[in-house]
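Structure at a glance
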Amino acid sequence: MLGEVNLLGPELVLMTVGGVLLVADLFLRDRRLLMGVAIAALLGSVLYATILLADGKVGGTAFNEILVFDEYALFFQFLLAGGALAAIGASWETLGRIPSRRGEYLALILFSTTGLMLLAGTRDLIGIFVALELTSLSQYVLIGFHKDRLGSEAGLKYLLLGAIASAILLYGMALLIGLSGATNLGAIADFVGGAGPGQFEALIFATVFLIVGFGFKAAIAPFQMWVPDVYQGGPTPIAAYLSVASKAAAFAVLIRVFFEALSDDLLSEHWSTIFAVLATLSMFVGNVIAIQQDNIKRMLAYSSIAQAGTIVIGLAAISADRSELLGASGILFYLAGYTVTNLTAFLVVIAIHNKIGSYAIDDYRGLGRRAPLLALLLAFSLISLTGLPPTAGFFGKLYLFQTAVQSDLAWLAVIGVVNTAIGAAYYLRPIKAMFIDAPAEGAPLPASFRPGAALGVTLALTSAGILVIGLAPSLLIDVAEEAVRTIML
Amino acid sequence: MNGDGFPILSLLVFLPTAGALLIALLPSERVPTHALLGALPGNEAQRARWLALLIALASLGISLGLFIDFDRSAGGAAFQYTDTFTWIKADDVGFTVTYAFGVDGLSLPLVLLTSLLTTVAVLISWRIDLRPKEYFAWLLILETAVLGVFTSLDLLFFFLFWELELIPMFLLISIWGSGDRNYSAMKFVLYTVFGSAFMLVGFLAMGAAASTFDMREIREADLADAFLPVQAIFAFVLIAFAVKLPVVPFHTWLPDAHSDAPTAVSVILAGVLLKMGGYGILRLLFTIMPEVGADASLSLAILAVVSILYGALVTIRQTDLKRLVAYSSVSHMGFVLLGVSALGVTGLSGAAMQLVAHGLITGLLFVMVGLVYDRTHTREIADMRGLVHHMPIIGAVMIFAGLASLGLPALAGFVAEITVFLGAFSRHEVPTALALVGVLLAAGYMLWVLQRSFFGPRDDRWEHLEDAKSWWEYAPMAVLCGAIILLGVYPKLVMELFELGTQPIADGLQLVRAGLSDGSVAALPGLGGGGG
């Protein structure tokens, strides 16, 4: 029993410190101290996981496989902890706006991260639902944290739509559990393999409901309506966090559920097609609407929908003989690259907003001269989001398109590549504004500026990540391939 | 064979990038004191351009060294100076990118052309004072991208450099350009990205069927069970190259990009970027898929003739000197396609020769147009009259460049065009005859524009104009004129290399055609495109 709890260690560290922060909130206001504690908790969690890894505990399961500690879960624990660290590192100014609720804010980030980690590390439908609710409830509060008009609207919208998505998801799960009489993904897989004619149609229903529920979290069109308002209205570090961590965990659970439980030949043919259609839709919806945005947060919101569409290509990619999950390692690789890239973009947007108080792309004019380093980093991350070399995004796209081609989905690769071209049209816009356009007359720009210390360090780490993944992708590819081997088909 | 010894090609390709970083690190005007680099003499612009010139000359030196050292014997047909290691490997999906550089007879002259024209571009930008550090840094990064395209031996590695070229070009046109530069830069980027989208799909299809992206192995592989028919792969990849070359009707980005780009960027664009399209057709399409190439021969010839004639006719109507040169490029690059469609060694090496000749000649023409514009501040042909009276040297070189462009014998352009015609005539008689009309039209528009702008009575408005007088104006003119004459009187210098490089392509085509006609696979050594 104690051995089983041991495997839960990384999550327990976060929950405990989160609880402490909640209490400390009553009497502690020191930003530096509170942020330090939260960062230490995340680092402690990563350290705990590393010790478990070194200790040979990888591959262990606990509580009837409600918790699995495999390489796959570990990959996401590191990725999610990284996302949370960046969100906290970027929150210095946000914390300044909420003097009395700093501990609460940080605790909610830790709780949400715990939920996301559990999501990647469970092989049980009940475990998935509990983890999803833990993370969602924390996020609803975080989005509305500023209690201003836009923030409250965003929080409420996220809550209501999220609740509907959860209900649909739960309905799908209930169908699946009712049909198979099991909550464990492995047991469900056994049932799906021998499902009779009448049961098969019900399975398709359940599959569709699951796609809707998880698709909402991953921000896949047509379940994406909440994204722009929530990103725009919520605190920007939380928007950054949602765009990378929440999305990563949603794909983690999608891979786990669909490849472990629903990978039956006939059934996977159906959902592979659904995913291919959703990927197409997401890419077009995200990219085409992003072109018209003048607010960089909304632009990044639509861009994240398009990016989600690109990642879904990997879900559609199953080898023609249904024996291999070709797309899974590509998704993991892409997610890691996307995480550092999108975080870099958001962090620069935060740093610029801290100084000029605007998210309008027009106000970015002339930034190339005033804050050359920040402007260069934003340009670099946008180039990576477009998918141009020598960046993480370039190889991520190549890798995913290659998996599509290998799975006889060449048309999907074509659509992906065409969307890369559409993406260039808006990703280049802020670059043009910063480096090419002259600043408007009387623009509210300071002479030159740098980000704060915490933000600066975080930014240095994430942008180094883009370059390292772009120049030496092999390291990450090996890790991703290793991680998906633990997924059982 | 000089295989996998000192990584000279890696040095050549990445030296300009290293130089660009160094230039970016130079202290700017706003930070006058700098521990290490602050001790350098001169101001920001001076330091940036001298450093850029140094780097450009160094890479020109390396290219020349390779050119001299290259093994020209029959055994030299394979890639030389190869530099290879597995860069990225994902076994699960068969995704491998090999870091692979190498040159053969086809690519080496283009490498030399690239480093020569980059040096010219640096010189002709000597007076750039708007953000000079960034300008020269991007120019050098552009050189890395183009050199990478010409020396990559792996499809995905090639694609990486192909895409890398976009960012510097976008910024160079839209920051240092003129007129409607933002529109032109964006148009350039979007055309290229749409082209490369199709190219990438074609590459992925080839790679999936051959389970390798190495160009040397793909040509041996059987692409029949690719998920796309070979004809479709050929067409997809051809779109990207046709946009780049450019072939009518994919050419409309070119005049816009040229007329709004700064002089040096026009030189690079016309001189080497367009060549990437021609090089790609030879290196990838006809080497890897000779059977489709042989089938498409007539269609390509027709496309070529349309480009040549349409380009020439539109050129006549131009009123802007720079746009005129740009449209003449469309016409001249048609000859490349015509040479390729001939399928024999003569046609193929003529096409390659046309790449180099056009690079030098049009490079020189853009240099001259830039020098004229610097003085007159207009590019309207109607405003110019009798310029040769005021600027005898510029006028003389401009006339020389114009004559070279229309194909005067004993100059580089003549050699290229006559070789293309020799190669193409026996295979495509009617298209070649029509293409000859293009040469007549070229003589017409070139002589007419020279007559209107440079000859004629003196014009008082231009009395104040100064002739070329700085060394950085003389040097590019002298070097380019020299190269054009040298290749005109002694074409063997590069022809020999091109014949070495295109022989394997021609052999592949010969094999296919022999197989088509009588089932035998005897590789007949063919001069010209005759028979079949």
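Residues numbered from 1 in each chain as written. Chains lettered and ligands numbered in written order. Predicted model: local features only at pLDDT ≥ 70, side-chain atom pairs only at ≥ 80, totals over all residues.

**A word on the overall build of chain B**
Of the regular secondary structure elements, chain B holds 21 helices and two strands. Here the C-alpha radius of gyration of chain B, 23 Å, is about what a compact globule of 532 residues would show, namely 24 Å. A principal-axis box enclosing the C-alpha atoms of chain B has dimensions of 70 × 60 × 40 Å. Buried positions account for 62% of the 532 residues belonging to chain B. (Helix = DSSP H or I, 4+ residues; strand = E, 2+ residues; numbered from the N terminus. Rg over C-alpha atoms; globule rule 2.2 N^0.38 Å. Buried ≥ 20, exposed ≤ 12 C-beta atoms within 10 Å, placed from the backbone.)

**Observations regarding the overall build of chain A**
Within chain A one finds 21 helices and two strands. For 489 residues, the compact-globule estimate of 2.2 N^0.38 gives 23 Å, and chain A sits close to it at 21 Å. Taking the principal axes of its C-alpha atoms as reference, chain A extends roughly 70 × 55 × 40 Å. Relative to its full complement of 489 residues, chain A shows a buried share of 61%.

**Observations concerning the interface of chain A and chain B**
At the interface, 32 residues of chain A touch 31 residues of chain B. Here the residues of the side of chain A that touches chain B are counted per class, giving 22 nonpolar, seven polar and three charged. (Contact = placed C-beta atoms within 7 Å. Nonpolar A, V, L, I, M, F, W, Y, C, P; charged D, E, K, R; others polar.)

**A few points about the pairing of strand β1 (residues 80-90) of chain B**
Residue and element names in this part refer to chain B. Relative to strand β2 (residues 95-103), β1 runs antiparallel, the two sharing eight bridges. If you follow Gln-80 over to β2, its bridge partner there is Val-103. Counting the residues between successive antiparallel strands, the hairpin from β1 to β2 contains four residues, one of them, Gly-94, with a positive phi of roughly 60°. (Pairing = 2+ DSSP bridges.)

**Description of the environment of His-270 of chain A**
Residues and elements named next belong to chain A. Relative to the elements of secondary structure, His-270 occurs in helix α13 (residues 265-291). According to the C-beta neighbour criterion, His-270 is partly exposed, with 16 such atoms within 10 Å. Apart from residues lying up to four places away in sequence, His-270 is in contact with Ile-204 and Thr-207.

**Considerations on unusual backbone geometry**
The general pattern is negative phi for most residues beyond glycine and trans for most peptide bonds. A cis amide bond links Ala-221 of chain A to the next residue, Pro-222 of chain A, at an omega of 5°. With respect to the helices and strands, Pro-222 of chain A occurs in the loop between α10 (197-218) and α11 (226-233). In this structure, Pro-390 of chain A follows Pro-389 of chain A across a cis peptide bond, with omega equal to 0°. Tracing the sequence through the fold places Pro-390 of chain A in the loop between α17 (372-386) and α18 (392-406). For Ala-219 of chain A, which is not a glycine, the phi torsion comes out positive at approximately 60°. Within the secondary structure, Ala-219 of chain A sits in the loop between α10 and α11. Non-glycine residue Arg-131 of chain B carries a positive phi angle of around 45°. Along the polypeptide, Arg-131 of chain B turns up in the loop between α3 (108-124) and α4 (132-151).

**A look at the nonpolar core**
Counting residues in each nonpolar core, the largest one holds 408 residues, and the members touching the most others are Ala-249 and Ala-413 of chain A together with Leu-139, Ala-205, Met-206 and Met-368 of chain B. Contact partners of Met-368 of chain B, with chain neighbours within four places excluded, come to Ile-394, Val-397, Met-398 and Ala-401 of chain B. (Core = buried A, V, L, I, M, F, W, Y, C linked by C-beta atoms within 7 Å.)

**Topic: the packing of helix α13 (residues 297-316) of chain B against helix α19 (residues 429-453) of chain B**
Residue and element names in this part refer to chain B. In the contact formed by α13 and α19, the axes pass within 9 Å of each other and the chain directions differ by 20°. Between α13 and α19, the interaxial angle falls into the category roughly parallel. Pair α13 / α19 crosses with left-handed handedness. Packed against α13, whose contacting residues are Ala-301, Ile-302, Ala-304, Val-305, Ile-308, Leu-309, Ala-312, Leu-313, Thr-315 and Ile-316, the element α19 presents Pro-431, Leu-434, Ala-435, Val-437, Gly-438, Leu-441, Ala-442, Gly-444 and Tyr-445 at the interface. (Axes fitted to C-alpha atoms, helices over the stretch in contact; angles between N-to-C directions. Parallel < 35°, antiparallel > 145°, perpendicular 65-115°, else oblique. Left-handed = near helix turned anticlockwise from the far one by under 90°.)

**Points about helix α11 (residues 263-288) of chain B**
Residue and element names in this part refer to chain B. Spanning 26 residues, α11 covers 36 Å between terminal C-alpha atoms, matching the ideal 38 Å at 1.5 Å per step. The largest bend in α11 comes to about 35°, at Leu-269. In terms of residue burial, α11 counts as a mostly covered element, since 26 of its 26 residues are buried. (Expected span 1.5 Å × (residues − 1). Bend = angle between axes of the 7 residues up to and from the residue.)

**Observations concerning helix α7 (residues 181-210) of chain B**
Residue and element names in this part refer to chain B. Between its first and last C-alpha atoms α7 spans 42 Å; for 30 residues at 1.5 Å apiece the expected length is 44 Å, and the two agree. Burial within α7 is extensive, with 26 of its 30 residues counted as buried. The positive-phi residue at the C-terminal boundary of α7 is Ser-211, with phi of around 45°.

**Section: the confidence of the model for chain B**
Residue and element names in this part refer to chain B. On average, chain B scores 88 in pLDDT, and the residues at 70 or more come to 93%. Contacts for the low-pLDDT stretch residues 518-532, under 50 throughout, to residues beyond four places or in other chains number 34 contacts. The ipTM value of the predicted complex is 0.80, and its pTM value is 0.88. (pLDDT = per-residue confidence, 0-100.)

**With respect to the packing of helix α12 (residues 236-261) of chain A against helix α14 (residues 296-316) of chain A**
For any two helices packed against each other, one specifies the crossing angle of their axes together with the interaxial distance. All names here are of chain A. Running from N to C, α12 and α14 cross one another at 15°; their axes reach a closest spacing of 12 Å. On the basis of their axis angle, the class for α12 and α14 is roughly parallel. Between α12 and α14 lies a crossing whose hand is right-handed. Contacts between α12 and α14 pair Thr-236, Ala-239, Ser-243, Lys-247, Phe-251, Leu-254 and Phe-258 from the former with Lys-297, Ser-304, Ala-308, Ile-311 and Leu-315 from the latter. Of the residues that constitute the contact of α12 with α14, the class distribution is seven nonpolar, three polar and two charged.

**A short note on the environment of Ala-424 of chain B**
Residue position: Ala-424 of chain B is located in helix α18 (residues 412-425). Spatially, the C-alpha atoms of Ala-424 of chain B and Met-186 of chain B are 37 Å apart, while their sequence positions differ by 238 residues.

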